[in-house]
Every structure is written in C-alpha cells, then in structure tokens.
Amino acid sequence: MSAPIDDVRISFEGEELSGREGQTIAGVLIAAGHRSWRTADGAERGVFCGIGVCQDCVVTVNGVESVRACQRTAVDGDEIAREAR
Amino acid sequence: MSRRVVVIGAGPAGLAAAQAALAHGAEVCVLDEGERPGGQFWRHHDALTDPRLQHQWSRFERLRAVLERARVHRSTSVWRIETEGGLRVHALAGPADAAARTALTIDADALVIATGAHDRALPVPGWTLPGVTTAGAAQALAKRDGIALGRRTVVAGAGPFLLPVAASLAHVGGEVAEVVEACAAGALARGWGRAPWQLAGAAGKASELGEYLASLARHRTPYRFGQAVTRIHGDRAVEAVTVQRIDRDWRPIQGTERTVECDAVALGHGFTPRLEAAIQAGCAISAARFVTVDERQATSTDGVFAAGEVTGIAGADAALAEGAVAGFVAAGGALDDERMRGPLRARRRMHAFAERLATHEIRPGWTAWLDDDTIVCRCESVTRARIEAFSERGVAAVDTSSSRGFRLATRAGLGACQGRTCGRSVEDLVGRPLGLDRRPVLSSLRIGELAACETSPPM
C-alpha cells in the first residue's frame, strides 16, 4: 500500500485528462467529472456494472472499438473516443 | 505423472481450489480475467485501494503466495471449453478487449469452474441514466479505483451486500443518502432469526454486519425496510429517486411515495451466477439456475468440478470451503482425508448462512414498478411493452421453445452483453425460462482473434 502514485495522462475526445497510475479508463473519466461517454438510443450512458459484464461502458481506445472502460487500465497517452450505438 | 488441474477464476473459490490441488500434488494452472487475483471479493489495487475496504486480507495474502507454485494466466478470458475426447480450454490473454490478444489452448485432466456471480439489478424507470450503477459497480469503483461515482448516492435493492457497498462509498468520500432494503423488517427478523444456533459458527459474519451498521449510524444514514426505489428522475443524469413502500410481493403501495434527492443510485437485488463455462462444459444446471454438484463438488460432467457462487449464493467463506474440496478432489484426493475435515465443516456452516440469504429473494411484484416504455434490455433498448407483446401473455406470442425466435423477434438479449444484464428480468416478464443464458462463446472476442486461434497448438 506504499507505492507512490504517478499521474497518468489520457485524452478524451481531445480533452487532456489526468488520473492516477493504475486506474481504469472509467476511473480516470469519472474522477475527471465525466459520468457518461456513450450514446445509446439517443441517451447518454456510462458505467453500469463496473465488473466487465454489461458492456455499457464501451469506448474506442487508440482507434480500437468496444473496449470496456471499467476493465482497461489507462495507459499514458491513450486516446479515448466516444461511441454511439 | 501428476494430474493437471485447470482452475477458471481466481476469486476465493478458485484460489482455494488451486491451493488444495497443489497440496495434493497436482500441476495447477489458473486462468483469470482480472489483472490481479482476488476476484470481486478481493478486488484491489496496491496503491489505490483503501485497506479498510478489505475483509480476510491475510487469508488472501496466503492464497496469493500459493500461486507462485501454479501457472497463472492473468487478464485471460476463457471463450470455449471442449469436453469430448478430453478436457480442453481455449482462452485469450492480454489487455481487456485489445485487438490482438494471445491465444491459449490448455489441456486438463480436471477442471474447476469458479466463475462466481454478478449483481442482479432489476430495471426501474430511469435506470439507464448516467449515475445509476449496480451495487457491485459502486463497490468495484471504490475498491479498484478509489472513487465514488456520485456525491450523494442512494443504495437500493435487497440483501446484506448493500451494507458493505454503503460503507465503501463512505470510505471513499461519498455521502449515502439512504440504504433501501426491499425485505420488510418483520420478514427479515423471521428469516434471519429462525434457528440462530446454526449461525453461531458464522460469528465472523455477525461482527462484520455490526461494523456496517455502526458505519451507517456514524454517518446518520437511514436504513429503510420494505421499500424500493421505484423511479429514477433526471434529465441527462440522476437528480432524484422515488422511494416507495412495497408489499410482501414487492408490489409498490400507492400513496407512499417519497422523493429523495441524489446524483447517484447503486442497485443490487442479489446475484446471478456466471454459468457460461459450466453450461458449455455440459454441466447439469438446477431449476434455480445454479450448477448442480455432489458432496465432492463434482458436476455431472466427468472431470469437471464447480465451487463458489456458481453453485449457490453463499458468500466468500462458503466459496473458500467449496473451492478447497473441489481442488482437492480434482487433484485425486478423497473426502475422508483429514485435510478435508476443516473445509467440509466450514461448508456445512456456511450453507446454513446461505439459507438465510433466501429471505431477500426477488419477489414477482417488482414488474409493477415498470412503465410500458421502461427499457429492460439496455444493450438493444428493448422496452417492457415489447417483451410482453412477445410473451405467452402477449398478443404476438412467438414460439419460445428455444430462445432464438424470441431474441430475433424482440432483440432482447441480442446486444453486446448477450442478456447477461437483462436475461433474468426478461424471463420474469415472459413468465418462464427462455434459455437466455446459453451462449455460443463464453466471453466477447474479435472475429480476427477467432480466425487466428486455429494455429495455436495445445499447451
């Protein structure tokens, strides 16, 4: 529990966000004040199950679609884009 | 030659199985979706997790140390299990949902399925608004990422799990407006008070419960009984909820509505087992949708064992005991071995505790809090009205002897989660099981990964 926590920097739709090293992409987005990052049936959606089951939190990461934000650890330099379904 | 035991899942049941199989001299391979072992119960990050959120951490540290003698594949998703002509497991390893993960094919003499369970969250009007999560999500975000989703959260549903969730939110700086339990106080006392001597052995549970109640009291958080969140309000995100009294069948009682302001809601109405692996391995599944096991934790499929929440919701202590039995027998051990005495005793004790959990079981009246246009299947935005139109009660009833016709007609369960979130609720609305939990692949994989798999030789 003593490891120092570095920052991790990612971009979300072009906006630079900083989180804590080791956080998931969902963790970084929520800590930065974003609670939804996808549109479904015209409405906003974000994290729901938080454990990789529901697929409601998917984002595009570095051009790869359908990555569960609650399961993927954020890596410095990740470019995150919203999805619509 | 020693037996090769493959364990799927590194939560309490899987870790205990690995430990026991190693103790009996087996060669052990553990496959787990997580980046770190521990499952949902011991979900953690060394730098981000508040240690106050963990229970039995020293037990976990001992189990984790044992893994040094096993082959462990982390961040690995099993997508197929073969049982004909020997046991064979197909998996993909790498960062979650990455484009080019590594294919693994592993042969086994015995398999222990310890895939656990996930929250069941009942639909409620407004539950797709940002700010609404499952209770498990609130817990995972607190434990894994050290954050609270909202500033002020209503925790609602049924069962004792709501209490650690409320405590976790408080630990990471969130306010809990109230905890709303569907089970009425009287039913709760009858359910948990009956034959309390059987619970004496689960004293650890009682003191844990005491800690949570003290935490609620310290934060002046009300703990309501016989009530439910029946509507979630908000324009683009959660702004408030309606809390209402419900009858013993969970039907809302008109005129008892209260509005509670909040910006987040955590819903948890118990748990549903993750049966994909067991179903594909051909294991018999009970009417209550759990894997059927005998006293050795053996399933109906030769060489396949199951332990933990897939065999019944009974908590971490039961999972640890069942896992130890499953791993030991899978490695060729016998139940009358004296090393099995402790786990067998613990399993008996914790099953008595599990029977009490049934007090919180979902009652059929919950469907009365849905509107016709309430989304039930979140992936495909399928409403209650659409599902009921295609049910046996509806006007456009289809052949539901298999789930295929129903899925194609309604699109419920056809989306990305393949009915993992809505399946049970859809079946409640239709009025009978549809087999929505039968899935051709066990976890999502990309078509390119599937195509590349054929070239990887078994390990």
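A short tour of the structure in this document, coming up. (Residues numbered from 1 in each chain as written. Chains lettered and ligands numbered in written order. Predicted model: local features only at pLDDT ≥ 70, side-chain atom pairs only at ≥ 80, totals over all residues. Heavy atoms only, no water.)

1. Structural notes on helix α1 (residues 12-23) of chain B
Residues and elements named next belong to chain B. Here α1 is 12 residues long and its end C-alpha atoms lie 16 Å apart, about the 16 Å a rise of 1.5 Å per residue gives. Counting buried residues along α1, 10 of its 12 residues qualify, which places the element largely inside the surrounding structure. For α1, the complete set of buried residues consists of P12, A13, G14, L15, A16, A17, A18, A20, A21 and L22. Each element contacted by the buried residues of α1 is listed here: β1 (4-8), β2 (27-31), α2 (57-66), β7 (110-113) and α8 (316-330). Remark: G25 follows α1 within two positions and exhibits a positive phi of approximately 90°. (Helix = DSSP H or I, 4+ residues; strand = E, 2+ residues; numbered from the N terminus. Expected span 1.5 Å × (residues − 1). Buried < 20%, exposed > 50% of the residue type's maximum accessible area, 1.4 Å probe, protein only. Contact = heavy atoms within 4.5 Å.)

2. Observations concerning a positive patch on the surface
Among the surface-exposed residues, R341(B), R345(B), R348(B) and R349(B) lie close enough to one another that they form a single positively charged patch. With respect to the secondary-structure elements, R341(B) resides in helix α9 (residues 341-357). (Patch = residues over 30% accessible without salt bridge, like charges linked within 9 Å, V, L, I, M, F, W, Y side chains within 5 Å. Areas by Shrake-Rupley, 256 points an atom, 1.4 Å probe, with all protein chains shown as cover. Salt bridge = Lys/Arg side-chain N within 4 Å of Asp/Glu carboxyl O. Lys, Arg positive; Asp, Glu negative; His and termini not counted. Charge placed at Lys NZ, Arg CZ, Asp CG, Glu CD.)

3. Quick look at the pairing of strand β5 (residues 87-93) of chain B
Residues and elements named next belong to chain B. Burial runs high along β5: 6 of the 7 residues are buried. Where strand β4 (residues 76-82) meets β5, 6 bridges bridge the pair, whose relative direction is antiparallel. If you follow I81 over to β5, its bridge partner there is V89. The turn joining β4 and β5, which pair antiparallel and follow one another in sequence, is formed by 4 residues; a positive phi near 65° is taken by G85. The sheet contact formed by β5 and strand β6 (residues 102-108) spans 7 bridges and is antiparallel. Among the inter-strand pairings, A93 is bridged to a residue of β6, identified as T102. (Pairing = 2+ DSSP bridges.)

4. Some words on the interface of chain B and chain A
With 49 residues of chain B in contact, the opposing surface of chain A contributes 34 residues. Both faces considered, chain B and chain A share a buried interface measuring about 3,500 Å² in area, 55% of it formed by carbon and sulfur atoms. Residue R68(A) is joined to D97(B) by a salt bridge in which the shortest nitrogen-to-oxygen separation is 2.8 Å. Our count for the contact surface shared by chain B and chain A stands at 16 residue pairs in polar contact (both at pLDDT 80 or more). Where the side of chain B that touches chain A is concerned, the elements lending two or more residues are β9 (132-134) and α3 (135-145) of chain B. Each residue belonging to the side of chain B that touches chain A can be placed in one class, and the counts come to 24 nonpolar, 14 polar and 11 charged. (Buried area = accessible area lost by both parts, 1.4 Å probe. Polar contact = N/O pair within 3.5 Å; in protein donor to acceptor, adjacent residues only side chain to side chain. Nonpolar A, V, L, I, M, F, W, Y, C, P; charged D, E, K, R; others polar.)

5. Here we look at the nonpolar core
All names here are of chain B. Within the largest apolar cluster, 49 residues are counted, with the highest numbers of intra-cluster contacts made by V132, V154, I232, V241, I387 and V426. Residue assignment for this core shows that the elements contributing at least two residues are β10 (152-158), β11 (175-181), β13 (227-233), β14 (240-245), β16 (264-269), β19 (375-377), α11 (403-410) and α12 (423-430). Those residues within four positions of I232 in sequence are excluded, and the remaining contacts are V124, P125, G126, W127, L129, V132, V238, A240, V241 and V265. Formed by 38 residues, the second largest nonpolar core is a distinct cluster that contains L67, L320, A330 and L344. (Core = buried A, V, L, I, M, F, W, Y, C linked by side-chain atoms within 4.5 Å.)

6. A few points about the packing of aromatic side chains
Considering all chains together, one arrives at 8 aromatic pairs over all chains under this definition. Summarising the aromatic geometry, the rings of W366(B) and W369(B) are spaced 6.4 Å apart at their centres and angled 55° between planes, so their arrangement reads as tilted. You can call W366(B) buried: its relative accessible area is 0%. Three or more aromatic residues joined by ring pairs form one cluster here, namely F41(B), W42(B), W57(B) and F60(B). Positioned above the aromatic ring of F48(A), the side-chain terminus of R378(B) is 3.7 Å from the ring centre. (Phe/Tyr/Trp six-rings, centres within 6.5 Å; stacked < 30°, edge-to-face > 60°. Lys NZ or Arg CZ within 6 Å of the ring centre and 35° of its normal.)

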